[in-house]
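Spelled out, the chains give:
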Amino acid sequence: LVKIARFLRWAGGEKFVGKVRRRASCGYFHLLHLDVVHRLRKLAMCMESGHPNKNQASELAIEFCSACALLMGQVIEVERNGLHCCLKVIVKGQDGKEDVLQTWARSEPADERDGNEVGRELSKNTVWNAFSGGSDGKNNWRRMCCFCCNDLRKYVTEYDIGKSEWAKFYKSKLTFPIRYLDKEKPNTWETIGFLEFDSVDADAFDGMPCAFEHIKEPAAFRAKLEKNAIFHLGAIVADSLSMCLRPYYESRKPKTTNGKAAYEHEPQRI
């Protein structure tokens, strides 16, 4: 092997290997640029008025989710129908009820899940508590920058999103918060939803650490995440999405009265 490596260097093999590597990575960048980012730009243009056409916005969101699923599926080498991506937004509770998560858009081809499913109240939702550093009644979480588990079957008693049939549709899950810094509250994050990937396969997100194994160690969890390209890809898309949706949510904030807003934020389904 050493002799082969020396021969390749002597014969200009390093340049050849570099060319092959660049061509291979070009496919991912092509999807990220022309499929994901371009659809995100269209969605941003639709939302910028603050009063978008809801049907058009939903169609663009579905296209965006489908593009994300295709890109992530190629990166983790999972068949197209074996990976889904969805956008979930926080819906403001009515009549004093607690805010909940609701699916806004999911990638196509669709499976048999309810397209308008409403999840667990935020205070009881496992993933929300992983992001906010709260207690879901089963674990006392410390704030995490994403949620990942490659085999949720091992954590059935700890994973609670308010839906009992999730195990029919996925075993692995990777979720990123859609959030931005609040202008009025320094160092405070405004979370407006989730970008989620899930797969019917266990261990779909190869090499990604398990959130349940790092509940008390968010720093160690983050350090492992930063060594994995899957994390950076999802985080780039989620951060870009937060910038796309921020103007919409900012435009819907209530005016302050006597220095106070009617409520801190107005998360709701688009």
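To be clear, the structure that these remarks concern was listed above.
Residues numbered from 1 in each chain as written. Predicted model: local features only at pLDDT ≥ 70, side-chain atom pairs only at ≥ 80, totals over all residues. Heavy atoms only, no water.

(A) Local environment of the overall build of the chain. What the chain contains, in helices and strands, is 6 helices and 6 strands. Starting at the N terminus and walking to the C terminus, you meet the elements of the chain as α-α-α-β-β-β-α-β-β-β-α-α. Counting across all 270 residues of the chain, residues that qualify as buried make up 47%. Within the chain, counting contacts between residues at least 6 apart in sequence, those at least 24 apart form 59% of the total. (Helix = DSSP H or I, 4+ residues; strand = E, 2+ residues; numbered from the N terminus. Buried < 20%, exposed > 50% of the residue type's maximum accessible area, 1.4 Å probe, protein only. Contact = heavy atoms within 4.5 Å.)

(B) Structural detail: the nonpolar core. Membership of the largest hydrophobic core comes to 74 residues, with the highest contact counts inside it found for F64, F147, L174, F197, F205 and F212. Setting aside chain neighbours within four positions, we find F197 in contact with C68, A69, M72, L83, H84, C85, S172, K173, L174, F176 and F205. (Core = buried A, V, L, I, M, F, W, Y, C linked by side-chain atoms within 4.5 Å.)

(C) Quick look at the packing of helix α3 (residues 54-76) against helix α6 (residues 229-251). At their nearest, the axes of α3 and α6 sit 11 Å apart, and the two run at 165° to each other. Viewed along their axes, α3 and α6 adopt a mutual orientation that is roughly antiparallel. Seen along the crossing, α3 lies across α6 with a hand that is right-handed. On α6, the residues touching F64, C68, L71, M72, V75 and I76 of α3 are I230, L233, G234, V237 and L241. (Axes fitted to C-alpha atoms, helices over the stretch in contact; angles between N-to-C directions. Parallel < 35°, antiparallel > 145°, perpendicular 65-115°, else oblique. Left-handed = near helix turned anticlockwise from the far one by under 90°.)

(D) Just empty space enclosed by the protein, in detail. For the structure shown, the criterion picks out 3 cavities of 30 Å³ or more. For the largest cavity, the lining is made up of 10 residues, of which K88, L101, N125, I161 and E196 are closest to its centre. Taken together, the residues of the lining of the largest cavity sort by class into 4 nonpolar, 2 polar and 4 charged. (1 Å grid on protein atoms, 1.4 Å probe; cavity = no way out; pocket = protein on both sides within 12 Å on 5 of 7 lines; lining within 4 Å. Points joined across faces, edges and corners; volume = space filled by probe spheres on them. Nonpolar A, V, L, I, M, F, W, Y, C, P; charged D, E, K, R; others polar.)

(E) Layout of the layout of surface pockets. The computed volume of the second largest pocket comes to approximately 240 Å³. Taken together, 14 residues form the lining of the second largest pocket, with P177, R179, W189, A235 and D239 sitting closest to its centre. For the lining of the second largest pocket, the elements supplying multiple residues, two or more each, are β5 (172-181) and α6. For the lining of the second largest pocket, the element with the highest residue contribution is α6, accounting for 7 residues. Broken down by class, the residue content of the lining of the second largest pocket amounts to 9 nonpolar, 1 polar and 4 charged.

(F) Local environment of α6. Given a rise of 1.5 Å per residue, 23 residues ought to cover 33 Å, and the 34 Å separating the end C-alpha atoms of α6 matches this to within 8%. Along its length, α6 reaches its greatest deviation from straightness, about 40°, at L245, and the proline P247 lies no more than four positions downstream. At the N-terminal boundary of α6, the capping side chain belongs to N228, with an oxygen 2.8 Å from the backbone nitrogen of I230. (Expected span 1.5 Å × (residues − 1). Bend = angle between axes of the 7 residues up to and from the residue. Polar contact = N/O pair within 3.5 Å; in protein donor to acceptor, adjacent residues only side chain to side chain.)

(G) Focus on the pattern of salt bridges. Summed over all chains, the structure comprises 10 salt bridges. For D111, the salt bridge identified is with R113, shortest N-O distance 2.8 Å. In this structure, R222 engages E226 in a salt bridge whose closest nitrogen and oxygen atoms are separated by 2.7 Å. Taken together, the shared-partner salt bridges in this structure form one network comprising K88, K173 and E196. (Salt bridge = Lys/Arg side-chain N within 4 Å of Asp/Glu carboxyl O.)

(H) Spatial organisation of the side chain of D198. By the element assignment, D198 lies in strand β6 (residues 189-199). Reaching out from D198, the side chain makes a polar contact with the side chain of R113 at a distance of 3.0 Å. Once residues within four sequence positions are removed from consideration, D198 is found in contact with G82, L83, H84, R113, Y170, S172, K173 and F205.

(I) Main features of the packing of aromatic side chains. Tallying each qualifying case throughout the model produces 10 aromatic pairs. Their ring planes at 20° and their centres at 6.2 Å tell us that F147 and Y159 sit as a pair that is stacked. Within this pair, whereas F147 is found in strand β4 (residues 147-149), its partner Y159 is found in the loop between β4 and β5, the two being separated by 12 residues in sequence. This pair shows no difference in class: F147 is buried, exactly as Y159 is. Through successive ring pairs, a cluster of aromatic residues spans W141, F147, Y155, Y159, W166, Y170 and F212. Between the NZ or CZ atom of R179 and the centre of the ring of W189, over which it lies, the distance is 4.7 Å. (Phe/Tyr/Trp six-rings, centres within 6.5 Å; stacked < 30°, edge-to-face > 60°. Lys NZ or Arg CZ within 6 Å of the ring centre and 35° of its normal.)

(J) Summary view of the pairing of β5. Counting buried positions along β5 yields 8 of 10 residues, so the element is predominantly enclosed. For β4 and β5, the ladder comprises 3 bridges, and the chain directions are antiparallel. Note that in β5 the partner of C149 across the bridge is K173. Where β5 and β6 come together, 10 bridges link them in antiparallel fashion. If you follow I178 over to β6, its bridge partner there is G193. (Pairing = 2+ DSSP bridges.)

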